[in-house]
Amino acid sequence: MSALVKLVDVSKLYAGATALHSTNLSIERGKTTVLIGPSGCGKSTLLRLIIRLIEPDSGSIEFNGEPITSDTISALRRRIGYVIQEGGLFPHLTAHSNVLLMARHIGKSEDEMQSRLVDLCQLTRFPENLLSRYPLELSGGQRQRVGLMRALMLLPELLLLDEPLDALDPLVRASLQKDLKEIFARLQQTVVFVTHDLAEAAYFGDEIVLMNNGRIVQKGSVTDLREKPAEPFVSEFINAQRGVMLA
Amino acid sequence: MKLFRLSRSCGLQSAAGLRRPASRRSLVAAFLFIPVACASAKPITIGSKKFTESYILGEIARHALNDAGIATEHRQGMGGTIILWQALQGGQIDAYPEYTGTIEQEILKNGQQLSFQDIREALGKFGVGMTGSLGFNNTYALVMRRSEAQRLGLRTISDLRKHPELRIGLTHEFLDRQDGWRPLRERYGLPQQNVIGIDHALGYAALANGSIDVKDAYSTDAKIEQNDLVVLEDDLQFFSKYEAVFLFRSSLSPDAINVLHGLEGTLDEKRMIHLNMEAERTKNYTSAASLYFQENGRSAGFAGESFPHKLARWTLRHLELAGFSLLLSVIIGIPLGIVASRGGLIGQAILGFASIVQTIPSLALLALLVPLPFFGISVRTAIAALFLYGLLPIVRNTASGLQDIPRSLRESAVALGLSPFTRLWEIYLPMASRSILSGIKTSAVINVGTATLAALIGAGGLGEPILSGLNLNDHATILEGAIPAALLALLVQWFFDVLDRVLIPKGLRL
């Protein structure tokens, strides 16, 4: 298994402060890599660097062996799906239009889009009759499913999720976690999943990447983190969320 | 010398006062029978009309009476002819400066020219006396640039017949006066078709920059000398004589009357021009500015035009002015707002410029544009000024509407891979549409209101009756413009509310 995305010595400064220290990371194909850590640890920064919402100050990021630059990113973005809290849906467009926005933009045929849309509704368990609704007319969980459909519309090789389930209530969150995991497995999707919830990380993560203060502290399974902590912070972080683990 | 106009407009057009003849007559009758026993005990009160020359004459009388040991006070700028005339009869004032032409036409309402003796006799019936001429005749005149008159060899008004191409700009009330443009044109057989109504002061600017060739003036107008203009000789003696005199209550003490008579023949035209110039040079500009508003223009309605027709003409022109300028503001304001939304130095500069324009008083903006070569006295100028006014709300609302889009949604649009243009056109602008439309709505309402000022430079619109009514102190005429303007503003508001429903995407209105 070769890496789909490779970060080499990537760093990022924000307003003079270091958001991400020089970092190396490989994202393996077909696996779910979970970035976890406390707020401001650099996990979202790392994700945003991959889709180049921000430019790295040093180092390089490769996608499929090709370096990601400002010139190549436009084409690459179509091969990457990106999902944020609440789905990041555009409020002036219906669910239907939100999902098809990019496909229409690049001139996909109506038939192709329609059949893909039906597939996606089944995959994400989104009722087709709600497609004509606007984001404000949907529940939080429904919005998130639409956001996921939009991200998956063009069959992306890589799916990036930035704390996608954070705004949802626990029951909806649990059912979406289950659905997401099934979807990832069925699509053999390469996923980078950002969360600060250890239970969620353990549930999804083939590999968990724990970050703190702009650095990767430890990589491995949740068992690795618990039993072979690389530094005291790892135990501290895990212990702080033990209650969740027991639940 | 725009202050002069007021004398004519307040005095000779006179609407408010003359519409109540019955009450006036009874008032007059009442006062005629009141013995004025205490006349010599209290100080004499001199009144004056609301313009420079009248102030000066009133002041001269006060001075002269005081010098003669008669206690006198001067109530300056009380109003127009009718107000002064009623105050004189009511005893609130004892004397005031007047012009013979005005007495004939507005007080005695006599169509023809009367001799001094005839006038004295007629006034005597009201218990009012009159001095002889103070020495000058402040009548209407047509003036031109000296260079132009010499080039064309023009000396008299009759000479104008040979040059139908000349453009004529006239004060609004000269256009309407019974002894104004229409009969003048008939008497002389003038062929000029290009005649516009324009404010007196702006008319001088228009004359100077060549927007017009001929305008009306008063023969003691200081501007004639200042601007190197020539007066075209009234070779057919069309204009009435406007000899300056004092009117006084016949019950005034003989001593005081003697002092007023003593002023006869002491002021020739040249001296009066000089005094007017001095007064203008040293005047208080704040009060001059407020006067300016009261005495500004009235565009000539066409003779015999019906009210619905006039209303339609005003309203159409009003919509034309407001609509066209709004369109320009939208076309230019939205792109500027988009640039401004990106912040930085350019963004700040754009918002700064739009804000500064907004702080310039609309009247000043018009006055600033008029002397520019491309603009002058034209609809163009009005539209340009309205366009500049409409800019700020649109620029600011476009910028803030775009800036208010949450970063997460902007990033979602970027991450999807949409091109910058598509992001703007399909995502950002629709999301900002509510804010942008509300900016346009604000501009539209401002423009509908401000467009009333276009009448000042002869651009027409509903400002015509409003300004004319202000000029005449005639509320009915003001309402002829003000009510349609208010309805128009409501209509614009309503129109944009409907437009909101059409243009703001449904998803944003939930």
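Criteria and cut-off values
Residues numbered from 1 in each chain as written. Chains lettered and ligands numbered in written order. Predicted model: local features only at pLDDT ≥ 70, side-chain atom pairs only at ≥ 80, totals over all residues. Pairing = 2+ DSSP bridges. Helix = DSSP H or I, 4+ residues; strand = E, 2+ residues; numbered from the N terminus. Axes fitted to C-alpha atoms, helices over the stretch in contact; angles between N-to-C directions. Contact = placed C-beta atoms within 7 Å. Buried ≥ 20, exposed ≤ 12 C-beta atoms within 10 Å, placed from the backbone. Core = buried A, V, L, I, M, F, W, Y, C linked by C-beta atoms within 7 Å. Left-handed = near helix turned anticlockwise from the far one by under 90°. Nonpolar A, V, L, I, M, F, W, Y, C, P; charged D, E, K, R; others polar. Parallel < 35°, antiparallel > 145°, perpendicular 65-115°, else oblique.

1. Considering the sheet that holds strand β6 (residues 80-84) of chain A
Residue and element names in this part refer to chain A.
Turning to step 1, where the next piece is worked out: An order of β6-β7-β8-β3-β9-β10 is seen for the 6 strands of this open sheet, with the pairing classed as mixed. Edge positions in the sheet fall to β6 and β10 (215-220), since each has one partner strand and no second. Neighbour-to-neighbour, the strand axes of the sheet open up by a mean angle of 15°, direction not taken into account.
Turning to step 2, where the next piece is worked out: Examined bridge by bridge, strand β3 (residues 32-36) and strand β8 (residues 190-195) share 5 bridges and lie parallel to one another. Of the residues in β8, the one forming a bridge with T32 is V191.
Turning to step 3, where the next piece is worked out: Against the sheet, helix α1 (residues 43-50) contacts β3, β7 (158-162), β8 and β9 (207-212), and its axis sits at roughly 145° relative to β8.

2. Brief notes about α1 of chain A
Turning to step 1, where the next piece is worked out: Among the 8 residues of α1 of chain A, 8 are classified as buried, and the element is accordingly described as predominantly covered.
Turning to step 2, where the next piece is worked out: Considered for burial, the residues of α1 of chain A that qualify are K43, S44, T45, L46, L47, R48, L49 and I50 of chain A.

3. A word on the environment of A217 of chain B
Residues and elements named next belong to chain B.
Turning to step 1, where the next piece is worked out: In this structure, A217 sits in strand β8 (residues 214-218).
Turning to step 2, where the next piece is worked out: The spatial distance from the C-alpha of A217 to the C-alpha of V143 is 6.6 Å, given a sequence separation of 74 residues.
Turning to step 3, where the next piece is worked out: Excluding its chain neighbours within four sequence positions, the residues that come into contact with A217 are A141, V143, K223 and I224.

4. Regarding unusual backbone geometry
Turning to step 1, where the next piece is worked out: We note that E163 of chain A has phi near 45°; this positive angle belongs to a residue other than glycine.
Turning to step 2, where the next piece is worked out: Topologically, E163 of chain A is positioned in the loop between β7 and α6 (170-187).
Turning to step 3, where the next piece is worked out: Within the chain, Q237 of chain B stands out as a residue other than glycine whose phi angle is a positive 50°.

5. Remarks on the nonpolar core
Turning to step 1, where the next piece is worked out: In terms of nonpolar packing, the biggest core is built from 153 residues, with L160 of chain A together with V395 of chain B touching the most fellow members.
Turning to step 2, where the next piece is worked out: With 13 residues, helix α19 (residues 379-403) of chain B is the largest single contributor of residues to this core.
Turning to step 3, where the next piece is worked out: Ignoring sequence-local partners within four residues, the contact set of V395 of chain B consists of G333, L336, G337, A340, I350, L351 and A354 of chain B.

6. Quick word on the packing of helix α3 (residues 95-105) of chain A against helix α4 (residues 110-124) of chain A
All names here are of chain A.
Turning to step 1, where the next piece is worked out: Between α3 and α4, the shortest axis-to-axis distance is 11 Å and the interhelical angle comes to 145°. Taken as a pair, α3 and α4 cross one another with a handedness that is right-handed. Listed contacts from α4 to V99, L100 and A103 of α3 are M113, L117 and L120.
Turning to step 2, where the next piece is worked out: By residue class, the composition of the contact of α3 with α4 is 6 nonpolar, no polar and no charged.

7. What about the packing of helix α16 (residues 307-341) of chain B against helix α24 (residues 475-503) of chain B?
Residues and elements named next belong to chain B.
Turning to step 1, where the next piece is worked out: One way to put it is that α16 packs onto α24 with a least axis distance of 11 Å and a crossing angle of 45°. Between α16 and α24, the interaxial angle falls into the category oblique. In terms of crossing hand, the pair formed by α16 and α24 is right-handed. For the pair α16 and α24, the contacting residues are L311, W314, T315 and H318 in the first and G481, P484 and L488 in the second.
Turning to step 2, where the next piece is worked out: Its residues assigned to classes, the contact of α16 with α24 shows 4 nonpolar, 3 polar and no charged.

8. A word on the interface of chain B and chain A
Turning to step 1, where the next piece is worked out: Each partner contributes residues to the interface: chain B has 18 residues there, and chain A has 20 residues.
Turning to step 2, where the next piece is worked out: Per element, the largest residue contribution to the side of chain B that touches chain A is 7 residues, and it comes from helix α20 (residues 407-416) of chain B.
Turning to step 3, where the next piece is worked out: Residue classes in the side of chain B that touches chain A are distributed as 11 nonpolar, 5 polar and 2 charged.

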